[in-house]
Amino acid sequence: MTATLSQDAESLNLEWVEGDPISLAFTVQAVNWSGTYQAQVRQQPRADSDVLISLTVSATYDAPDTDFTLTATAVASAGVPAGEYVWDLQQVGGVTRLRGKVRVTPQVTR
């Protein structure tokens, strides 16, 4: 029997339209993941890859769930051209909770 015990981050992909303000909300059910976090979007899944944008993270425990909101201004969002990237959400001084792909779709109306 082969078993894996992993502390790897859960997968969650993000998507937004280039240049739009970013506001993405989600709930992690039945856990207290409250605390301080940092979330970064990079071109490559490596710590030495340039950070394209840092998202502001709010994590609030509302028993029994933790509500998250990821935000960034339109000005910050405009610095990330349409394309596909990677991101992760790491608890400050703790573990990486989430990771995934980021898809930024092209703006049509200017």
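Residues numbered from 1 in each chain as written. Predicted model: local features only at pLDDT ≥ 70, side-chain atom pairs only at ≥ 80, totals over all residues. Heavy atoms only, no water.

*Asks:* Explain the overall build of the protein residue by residue, including any values.
*Replies:* Across its full length, the protein holds one helix and eight strands. Order of helices (α) and strands (β) in the protein, N terminus to C terminus: β-β-β-β-β-β-α-β-β. Structurally, the protein occupies a C-alpha span of about 50 × 35 × 25 Å along its principal axes. The buried share of the protein, reckoned over its 110 residues, is 29%. For the protein, the share of sequence-separated contacts (at least 6 apart) that also reach a separation of at least 24 residues comes to 64%. Of the roughly 7,000 Å² that the protein leaves accessible, carbon and sulfur atoms contribute 48%. When the 7 positive and 12 negative side-chain charges of the protein are each reduced to one mean point, those points stand 7 Å apart. (Helix = DSSP H or I, 4+ residues; strand = E, 2+ residues; numbered from the N terminus. Buried < 20%, exposed > 50% of the residue type's maximum accessible area, 1.4 Å probe, protein only. Contact = heavy atoms within 4.5 Å. Areas by Shrake-Rupley, 256 points an atom, 1.4 Å probe, with all protein chains shown as cover. Lys, Arg positive; Asp, Glu negative; His and termini not counted. Charge placed at Lys NZ, Arg CZ, Asp CG, Glu CD.)

*Asks:* Go over the layout of surface pockets with me, naming the residues and quoting the values.
*Replies:* Computed from the structure, the largest pocket encloses a volume of approximately 290 Å³. Lining of the largest pocket is provided by 14 residues; of these, Arg 42, Pro 45, Val 86, Trp 87 and Asp 88 occupy positions nearest its centre. Contributing elements (two or more residues each) for the lining of the largest pocket: strand S4 (37-42), strand S7 (83-91) and strand S8 (96-105). Partitioning the lining of the largest pocket into residue classes produces four nonpolar, five polar and five charged. (1 Å grid on protein atoms, 1.4 Å probe; cavity = no way out; pocket = protein on both sides within 12 Å on 5 of 7 lines; lining within 4 Å. Points joined across faces, edges and corners; volume = space filled by probe spheres on them. Nonpolar A, V, L, I, M, F, W, Y, C, P; charged D, E, K, R; others polar.)

*Asks:* Let's hear about the side chain of Glu 18: which residues, and what values?
*Replies:* Mapping Glu 18 onto the fold places it in the loop between strand S2 (14-17) and strand S3 (22-28). A distance of 3.4 Å separates a polar side-chain atom of Glu 18 from the backbone nitrogen of Ala 82. Excluding residues within four positions of it along the chain, Glu 18 makes contact with Ser 77, Val 80, Pro 81, Ala 82, Val 104, Thr 105, Pro 106, Gln 107 and Arg 110. (Polar contact = N/O pair within 3.5 Å; in protein donor to acceptor, adjacent residues only side chain to side chain.)

The analysis is restricted to geometry; functional conclusions fall outside its scope.
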